[in-house]
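The residues making up each chain are set out below.
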Amino acid sequence: MLAMAVGEWTGNRVGGCCPPTICATRSRQKMAVNWRRGGHCWEGKFTLLRDTRTDGSFLVHHFLSFYLKAGCKVCFVALLQSFSHYNIVAQKLGVSLTAAKERGQLVFLEGLKSCLDLLFGEEEEQSGQPSPLQFMSESASNLKALFDFVRTSLTPTGSDSWKGPVLLVDDLSVLLSLGATPVAVLDFIHYCRVAVCSQLKGNIVVLVHSNEDSEDEENELVVNSLCHHSDLILWVEGLATGFCKDVHGQIKIIRRVSLELTAEQDHVQIYQYKIQDKNVTFFARGLSAAVL
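Numbers given for residues are sequential positions, taken from 1 along each chain in its written order. For this predicted model, a pLDDT threshold of at least 70 governs which residues receive local features, and a threshold of 80 or more governs which side-chain atom pairs are given and counted, while totals over whole chains, interfaces and linings are taken from all residues. Based on all heavy atoms of the structure, the side-chain values leave hydrogens and waters out of the count.

**What about the nonpolar core?**
It is characteristic of soluble globular proteins that their nonpolar side chains tend to be buried jointly. Rules: To form a nonpolar core, buried Ala, Val, Leu, Ile, Met, Phe, Trp, Tyr and Cys residues must be joined to one another through side-chain atoms within 4.5 Å. Type-normalised accessible area, obtained with a 1.4 Å probe on protein chains alone, sets the label of each residue: buried when under 20%, exposed when over 50%, and partly exposed for intermediate values. Strands here mean DSSP runs of E at least two residues long; helices mean DSSP runs of H or I at least four residues long; both are numbered from the N terminus. Residue contacts are defined here by distance: any two heavy atoms, one from each residue, within 4.5 Å place the two residues in contact.
Within the largest apolar cluster, 43 residues are counted, with the highest numbers of intra-cluster contacts made by Val77, Val150, Leu167, Leu172, Leu175, Phe188 and Leu226. Looking at this core element by element, the count peaks at 10 residues for helix H9 (residues 182–199). Aside from chain neighbours lying at most four places away, what touches leucine 172 is Val185, Phe188, Ile189, Val206, Leu207, Val208, Val222 and Leu226.

**Focus: the pattern of salt bridges**
Defined as follows: When a carboxyl oxygen of Asp or Glu is within 4 Å of a side-chain nitrogen of Lys or Arg, the pair counts as a salt bridge.
According to the stated counting rule, one finds six salt bridges in the structure shown. Here lysine 92 and aspartate 277 are joined by a salt bridge, their closest N and O atoms 3.3 Å apart. Taken together, the positions of lysine 92 in helix H3 (residues 83–92) and aspartate 277 in the loop between strand E12 (267–275) and strand E13 (280–283) put the pair 185 residues apart, joining distant regions of the chain. Taking the relative accessible area as the measure of exposure, lysine 92 reaches 41% and is therefore partly exposed. Its relative accessible area of 56% is what places aspartate 277 among the exposed residues. For aspartate 117, the salt bridge identified is with lysine 113, shortest N-O distance 2.8 Å. Of this pair, aspartate 117 and lysine 113 both sit in helix H5 (residues 111–119), four residues apart, roughly one helical turn. Judged by its relative accessible area of 44%, lysine 113 is partly exposed. One connected set of salt bridges, linked through shared partners, spans Lys144, Asp148 and Arg151.

**Here's the deal with the packing of aromatic side chains**
Note the following rule: Ring pairs shown here join Phe, Tyr and Trp side chains whose ring centres sit within 6.5 Å, with only the six-membered ring taken for Trp; geometry is labelled stacked below 30 degrees between planes, edge-to-face above 60, and tilted in between. When the NZ atom of lysine or the CZ atom of arginine is within 6 Å of a ring's centre and also within 35 degrees of its normal, the charge is said to sit over that ring.
Overall, the coordinates contain nine aromatic pairs when judged by the stated rule. Arranged with centres 6.2 Å apart and planes meeting at 25 degrees, the rings of phenylalanine 63 and tyrosine 67 form a pair that is stacked. In this pair, phenylalanine 63 and tyrosine 67 are both assigned in helix H2 (residues 57–69), four residues apart and thus about one turn of the helix distant. What makes tyrosine 67 buried here is its relative accessible area of 2%. Judged by centre distance (5.7 Å) and plane angle (70 degrees), the rings of phenylalanine 147 and tyrosine 191 are edge-to-face. Of the two residues, phenylalanine 147 is situated in helix H7 (residues 144–154) and tyrosine 191 in helix H9; the sequence distance between them amounts to 44 residues. Of the two residues, phenylalanine 147 and tyrosine 191, both sit in the buried class. Taken together, the aromatic side chains of Phe76, Phe83, Tyr86 and Phe108 make up a single cluster linked through ring pairs. Note that arginine 50 overlies the ring of tryptophan 235, its terminal NZ or CZ placed 3.8 Å from the centroid. Here the basic side chain of lysine 101 rests over the ring of phenylalanine 83, its NZ or CZ set 4.6 Å away from the ring centre.

Here is the structure:
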């Protein structure tokens, strides 16, 4: 069934992904989620980045630079910002996205440019191939073209020497704004999990925006569904008390051990954080530099 799911898009969900385990390490000043074991990156994991009342894009930049430095093949579906924006931030973190693209390690889909090209009919004329965002110009919100783009980008060739493939999406909520239905978005993620996590033994990292008080029922449906199927959730929230120069928000790390069919409950850790120019400092609640 898995082979069929990866080989063709049928519109029906099949297969699944093996549940993962994530190891978290921390100190008083800094916290890091560790995706390595025995010198190798974890495989087959679906990580959900969720932000509420704040901007969680710093996590996207972290994962992008982390996987490129680790030598992984990365397909980055960037729907929120331009390539130059991500490249400027990556350079601060010691990574050149331009160089990664040139050596074939990074496949970058610039959603903003693709949308404009598609609306003016330029993209298909230039490449001769259908746009990954073809659903925007069709009556049915079918994300098969986007899935085919991801699968083709991450399927290894004989000359590839990269480590495990990685799909990074920033941010999935934009697909709903472009006209995709919640069912189409969830089907797209499911097929990507089967192809990337199960078949290719890679990892998926997806950012979604959420607001529990929002009236956007479609977005909340997607967010809640993804939470139930994620192996690891990094939930970034703004402070309920408002702005603070020494504490920018809190992050809730939810390790979904319940997916491993054990009697254990999910492991939850909560930290506060402060974003700096080239790094992020994490600390236990109430232990910011201003308090100490």
